[in-house]
Amino acid sequence: MKNNKACNINKITALGSVVKVPVNRTRAYNSDTITEIIIRALLIITILLVGYPLYNIVVYSISDPVEVNMGRVIFWPRGINFGGYVRVLKDPAIIRSFFNTIKIMVLGTAINIFLTVPTGYALSRKDLKGNKYILWIYLFTMFFSGGLIPTFLVVQSLGLMDTYLAVVLPGAMSVWNMIVCRTFFKSNLSDEVLESAYIDGAGEIRTFLQIALPLSKTIVALMVFYYSIGHWNGYFNAMIYLSTRSKYPLQLVMRRIHLQSEISEAMTESGDDITNMYQIAGMIRYALVVIAIIFNEIKDMTVGEFREFLLSHDTTGGDIRRISRGLTGEMAAAVAKLMSNMDLVYAAKKINVQGQCNTVIGLPGTLSCRLQPNHPTDSVEGVLSSIREGLSYGAGDAMIGINPVEDSVPNVSRLLNAVYNFIGEWKIPTQHCVLAHIITQMKALEGGARTSLLFQSIAGSEKGNRAFGINVGILKEAMDMALKLGTGTGPNVMYFETGQGSELSSGSHNNADQVVLEARCYGLARQFKPFLVNTVVGFIGPEYLYDSKQVIRASLEDHFMGKLMGVPMGVDACYTNHMKADQNDIENMAVLLAVAGINYFMGLPMGDDIMLNYQSTSFHDIAALRSVTGLRPAPEFEKWLEKMGIMENGRLTKRAGDASLFTG
């Protein structure tokens, strides 16, 4: 008999009498209580971790969007607003897509269960002939598949395109789920149960339906759960195989809405309407397939055959731009090594890659210039003096970019704002930046500094980029920040510099040669849709480029590979004083590159950078190159030059070179 106040138990003695023996349960009770408290606390924490994101979504959905965007909604809704739900319920596309998802989920799950559960049961039977071999065939498909393109072609050949069967059949049975079912049947269905069914005269099908299946409700329910969730969340197959918008599932419609929200601002500025948004979404749907198809077209080419394709008279720039989406840096480097200098010029000339920020550079028939007004003390007045002189010679349409002596946020902000104010005062159609480390620029931008572009030197290896103090995440964050806070209208707001030999200089080449590493830089750069990429091979790599012959060759390779990889290319036609080169050599380089269709060169006072201590192209060189090649500045910039009286009909006037134009 238990006493609630005293912890006693009854004990039978050897004589049969019963006595009460007090027992102290305090310690055991406390131990159990502490364990229970810990378990309950862990469960509560888990529920909060899982539940809060869901709760947060609900709170966001009924709060004022302004409050949400300003980050004021955390635990409780602010400014109750059911407008989102009203729009959803009024949008026939969303309602229709919801029912489409249910159709796909029901149809797909039914097919999945019909194939998975019976197969798992059959392979669990020891008396099935060839059991092990059949299982190995299934296991093989877990590790080796035909891939996206063969699957796409099979679905197309079966006439299933734009049907729900195309969405659910390619993944009709998960081998992993089948193995789970097989294991369940082996563990929970005894041979005795099945043999008793056979004795009663049941066949295989009846045994499965009336004996095995009723005893396997747990595994069937689990499979239904797994498959239905997969179909509910799936969008990729629908994106690939469905073309009729009225058949889209909910996830694909939500993805399209999210995509439209990201591009709507750019669309509005460019004057495009909602129809064009849908067209862009349609193009993106097949992007992965297109890239894979392109690679499939060229994968059997030898490098020599690829060279012949690029140099063929019948191959256009559009053909090359299309192929470039399927190229890796190694492929670009390999074909560049087989080309002569003339080949590099001829092939690059075909390819046109433009960049658009506040203005557009790289248009056919144009040659732009980056005005580089460096000063050995970062004097604002010294920088502005060089800018005035450069503008008076028609330089600066690509951008105005300063290499700072001091890489600090205050100094970078001071230079950025000074140039920004000067550009605004004279209404110059161009863009500007200060070439400090990208983290410094981001901090300056966060602090209110005005910049059009964000700059960073990049390398062709992860180790090399670590040496630069960057990674892909930093570059992505920088691009997002430039689009939100910068003065560049975009969509291209990044500026990268490269150059053969930089990885060798930092010991980060991983035994790869400098041409391959340079091509890899362009593969990295194109992920960020840069406004321009500039190879400064004559400045970065003099330790590995002995003379002018090598630096000219390297510049032609870089220019060709960059354009082949799809990035807008410029070259700093330059040399350092310890290289066996002179002014004639860089002029030869500049003429070859101008003929090859380069987007821009550098423009320095007298071609001499007094801060970095190297020689490059001067303001006069840019004017001369435009004159001998018939090329002109970017259209918006040329109109401004004409307005200022500096240029007329594509030629400099007598006022050219008069920097006092910008002092009045």
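Anyway, here's the lowdown on the structure attached to this text. (Residues numbered from 1 in each chain as written. Predicted model: local features only at pLDDT ≥ 70, side-chain atom pairs only at ≥ 80, totals over all residues. Heavy atoms only, no water.)

### A closer look at the nonpolar core
In a soluble, globular protein the nonpolar side chains are often hidden away together inside.
And step 1. Of all hydrophobic cores here, the largest spans 103 residues; its most connected members are Phe 560 and Phe 601.
And step 2. Every residue in contact with Phe 560, bar those within four places of it in the chain, is listed here: Leu 310, Ala 332, Val 335, Ala 336, Met 339, Leu 344, Ala 347 and Ala 348. (Core = buried A, V, L, I, M, F, W, Y, C linked by side-chain atoms within 4.5 Å. Buried < 20%, exposed > 50% of the residue type's maximum accessible area, 1.4 Å probe, protein only. Contact = heavy atoms within 4.5 Å.)

### Examining the environment of Tyr 248
And step 1. With respect to the secondary-structure elements, Tyr 248 resides in the loop between α12 (236-241) and α13 (250-270).
And step 2. C-alpha of Tyr 248 to C-alpha of Thr 101: the two residues are 147 residues apart in sequence and 7.9 Å apart in space. (Helix = DSSP H or I, 4+ residues; strand = E, 2+ residues; numbered from the N terminus.)

### Some remarks on the packing of aromatic side chains
And step 1. Enumeration according to the criterion identifies 15 aromatic pairs in this entry.
And step 2. Ring centres of Tyr 121 and Phe 208 lie 5.0 Å apart, and the angle between their planes is 45°; on these two criteria the pair is classed as tilted. Linking Tyr 121 in helix α4 (residues 92-124) with Phe 208 in helix α10 (residues 204-212), this pair joins segments that are 87 residues apart in sequence. The exposure classification of Tyr 121 matches that of Phe 208, with both residues buried.
And step 3. Plain terms: the ring middles of Phe 637 and Trp 640 are 5.5 Å apart, the flat faces sit at 40° to each other, and that makes the pair tilted. Separated by three residues within a single helix, Phe 637 and Trp 640 lie in helix α31 (residues 635-643), roughly one turn from each other.
And step 4. Of the residues examined, Phe 637 reaches a relative accessible area of 0% and is grouped as buried.
And step 5. An aromatic cluster is defined as three or more aromatic residues linked by ring pairs; in this entry it consists of Phe 422, Trp 426, Phe 637, Trp 640 and Phe 662. (Phe/Tyr/Trp six-rings, centres within 6.5 Å; stacked < 30°, edge-to-face > 60°.)

### Points about unusual backbone geometry
And step 1. Between Gly 490 and Pro 491 the backbone carries a cis peptide bond, its omega angle lying at 10°.
And step 2. Mapped onto the fold, Pro 491 is located in the loop between α24 (472-485) and β9 (494-498).
And step 3. For Asp 162, which is not glycine, the phi dihedral falls at a positive 65°.
And step 4. Turning to its location among the elements, Asp 162 is positioned in the loop between α6 (148-157) and α7 (164-168).
And step 5. Asp 162 sits in the buried class, given a relative accessible area of 16%.
And step 6. With a phi close to 55°, Asn 649 is a non-glycine residue in the positive phi region.
And step 7. Looking at where Asn 649 falls in the secondary structure, it is placed in the loop between β15 (647-648) and β16 (651-652).

### Digging into a nonpolar patch on the surface
And step 1. Judged by side-chain polarity, Ile 34, Ile 38, Leu 42, Ile 45, Leu 49 and Val 50 come together as a nonpolar surface patch covering roughly 610 Å² of accessible area.
And step 2. Mapped onto the elements of the fold, Ile 45 is located in helix α1 (residues 26-61).
And step 3. The partly exposed category is assigned to Ile 45, whose relative accessible area is 46%. (Patch = residues over 30% accessible without salt bridge, like charges linked within 9 Å, V, L, I, M, F, W, Y side chains within 5 Å. Areas by Shrake-Rupley, 256 points an atom, 1.4 Å probe, with all protein chains shown as cover. Salt bridge = Lys/Arg side-chain N within 4 Å of Asp/Glu carboxyl O.)

### Concerning helix α26 (residues 514-525)
And step 1. Taking 1.5 Å of rise per residue, 12 residues should cover 16 Å, and α26 covers 17 Å from first to last C-alpha, within 8% of that figure.
And step 2. Of the residues making up α26, those classed as buried are Gln 514, Val 515, Val 516, Leu 517, Glu 518, Ala 519, Cys 521, Tyr 522, Gly 523, Leu 524 and Ala 525. (Expected span 1.5 Å × (residues − 1).)

### Details of the state of the cysteines
Each disulfide consists of one covalent bond between the sulfur atoms belonging to two cysteines.
And step 1. According to the stated counting rule, one finds zero disulfides in the structure shown.
And step 2. Cys 433 forms no disulfide, and the closest cysteine sulfur to it belongs to Cys 357, at a distance of 9.7 Å.
And step 3. Relative accessible area serves as the criterion here: at 1%, Cys 433 is assigned to the buried category. (Disulfide = S-S within 2.5 Å.)

### Some thoughts on the pairing of strand β5 (residues 368-371)
And step 1. Because side chains alternate across β5, one face comprises the buried residues Ser 368 and Arg 370, and the other comprises Cys 369 and Leu 371, equally buried.
And step 2. Bridge count between β5 and strand β12 (residues 600-603): four bridges; the pairing is parallel. Each residue of the ladder has a partner; that of Ser 368, found in β12, is Tyr 600.
And step 3. Taken together, the two bridges between β5 and strand β6 (residues 399-402) define a ladder with parallel strand orientation. Looking at β6, one finds that Leu 371 is bridged to Ile 400. (Pairing = 2+ DSSP bridges.)

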